[in-house]
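Tertiary structure, described
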Amino acid sequence: MNKIKCILVEDEIPAMDELQFILNEYKDIEIVNKFYDGKTAADFIKKERTDVIFVDINIPVLNGMELAKMIKAFDENIAIIFVTAYDKYAISAFELMALDYILKPFDENRI
């Protein structure tokens, strides 16, 4: 069975650790990498196959919305799930064809 390859982009270590812990409970999901800024994540996505990206909006260098725009221009099949503390960006996220928009603190059932 092919696993869903995902990356995490989050600059807050506790939030990154919590999201990783929750996703590791699912045998069909493989976290292939983690990034703390949008630029490094963008560079990786251009080189490696990724199915899903879990991305915070407020991240350094290249924010989550800019990263999502770049991803969709590069490969519209990569699913984007925003994980953020800010509900005010939800409409913009769905305009970018985000798969989901999950608010912090994380709810395991919601993930």
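Note: the structure precedes this text.
Throughout what follows, the structure given in this document is the object of discussion. (Residues numbered from 1 in each chain as written. Predicted model: local features only at pLDDT ≥ 70, side-chain atom pairs only at ≥ 80, totals over all residues. Heavy atoms only, no water.)

1. Comments concerning the overall build of the protein
Looking only at helices and strands, one finds four helices and five strands in the protein. Here the protein has a C-alpha radius of gyration of 13 Å; the compact-globule value for 111 residues is 13 Å, and the two agree. Expressed as a percentage of its 111 residues, the buried residues of the protein come to 43%. Counting contacts in the protein only where the partners sit at least 6 residues apart, residues at least 24 apart contribute 59% of the total. Positive and negative charge centroids in the protein, built from 13 and 21 side chains respectively, lie 5 Å apart. (Helix = DSSP H or I, 4+ residues; strand = E, 2+ residues; numbered from the N terminus. Rg over C-alpha atoms; globule rule 2.2 N^0.38 Å. Buried < 20%, exposed > 50% of the residue type's maximum accessible area, 1.4 Å probe, protein only. Contact = heavy atoms within 4.5 Å. Lys, Arg positive; Asp, Glu negative; His and termini not counted. Charge placed at Lys NZ, Arg CZ, Asp CG, Glu CD.)

2. So, the sheet that holds strand S5 (residues 100–103)
Across the sheet, five strands lie side by side as S2-S1-S3-S4-S5; this open sheet has parallel pairing. At either margin of the open sheet sits one strand with a lone partner, and together these are strand S2 (29–35) and S5. Between one strand axis and the next, the sheet turns by 20° as a mean value, whatever way the strands run. Where strand S1 (residues 4–9) meets strand S3 (residues 52–55), four bridges bridge the pair, whose relative direction is parallel. Residue pairing across strands places isoleucine 7 opposite isoleucine 53, the latter belonging to S3. Lying on the sheet, helix H3 (residues 64–74) is in contact with S1, S3 and strand S4 (79–84); it crosses S4 at an angle near 175°. (Pairing = 2+ DSSP bridges. Axes fitted to C-alpha atoms, helices over the stretch in contact; angles between N-to-C directions.)

3. A word on the pattern of salt bridges
All chains considered together, the criterion is met by seven salt bridges. Residue lysine 104 is joined to glutamate 12 by a salt bridge in which the shortest nitrogen-to-oxygen separation is 3.7 Å. Placement of the pair is lysine 104 in the segment after S5 and glutamate 12 in the loop between S1 and helix H1 (13–23), with a sequence separation of 92 residues. Residue lysine 104 is classed as buried on the basis of its relative accessible area, which comes to 17%. You can call glutamate 12 partly exposed: its relative accessible area is 42%. Its salt-bridge partner being lysine 39, residue aspartate 43 comes within 2.9 Å of it at the nearest N-O pair. (Salt bridge = Lys/Arg side-chain N within 4 Å of Asp/Glu carboxyl O.)

4. What to know about unusual backbone geometry
Cis peptide bonds are those with omega within 30 degrees of zero, and the linkage from lysine 104 to proline 105 qualifies with -5°. Inspection of the secondary structure assignment puts proline 105 in the segment after S5. Phi at methionine 97 takes a positive value of approximately 65°, unusual for a residue other than glycine. With respect to the helices, strands and loops of the structure, methionine 97 is situated in the loop between helix H4 (90–95) and S5.

5. What to know about the pairing of S3
Residues in a regular strand point their side chains to alternate faces of the sheet. Along S3, one buried face is formed by Val52 and Phe54 and the opposite face, lined by Ile53 and Val55, is buried too. Direction of pairing for S3 relative to S4: parallel, over a ladder of four bridges. Across the sheet, residue phenylalanine 54 finds its bridge partner in S4, namely isoleucine 81. Handedness of the crossover is the feature at issue here: the chain leaves S3, passes through H3, returns alongside S4, and the resulting connection is right-handed. (Right-handed = clockwise from strand over helix to strand, strands pointing away.)

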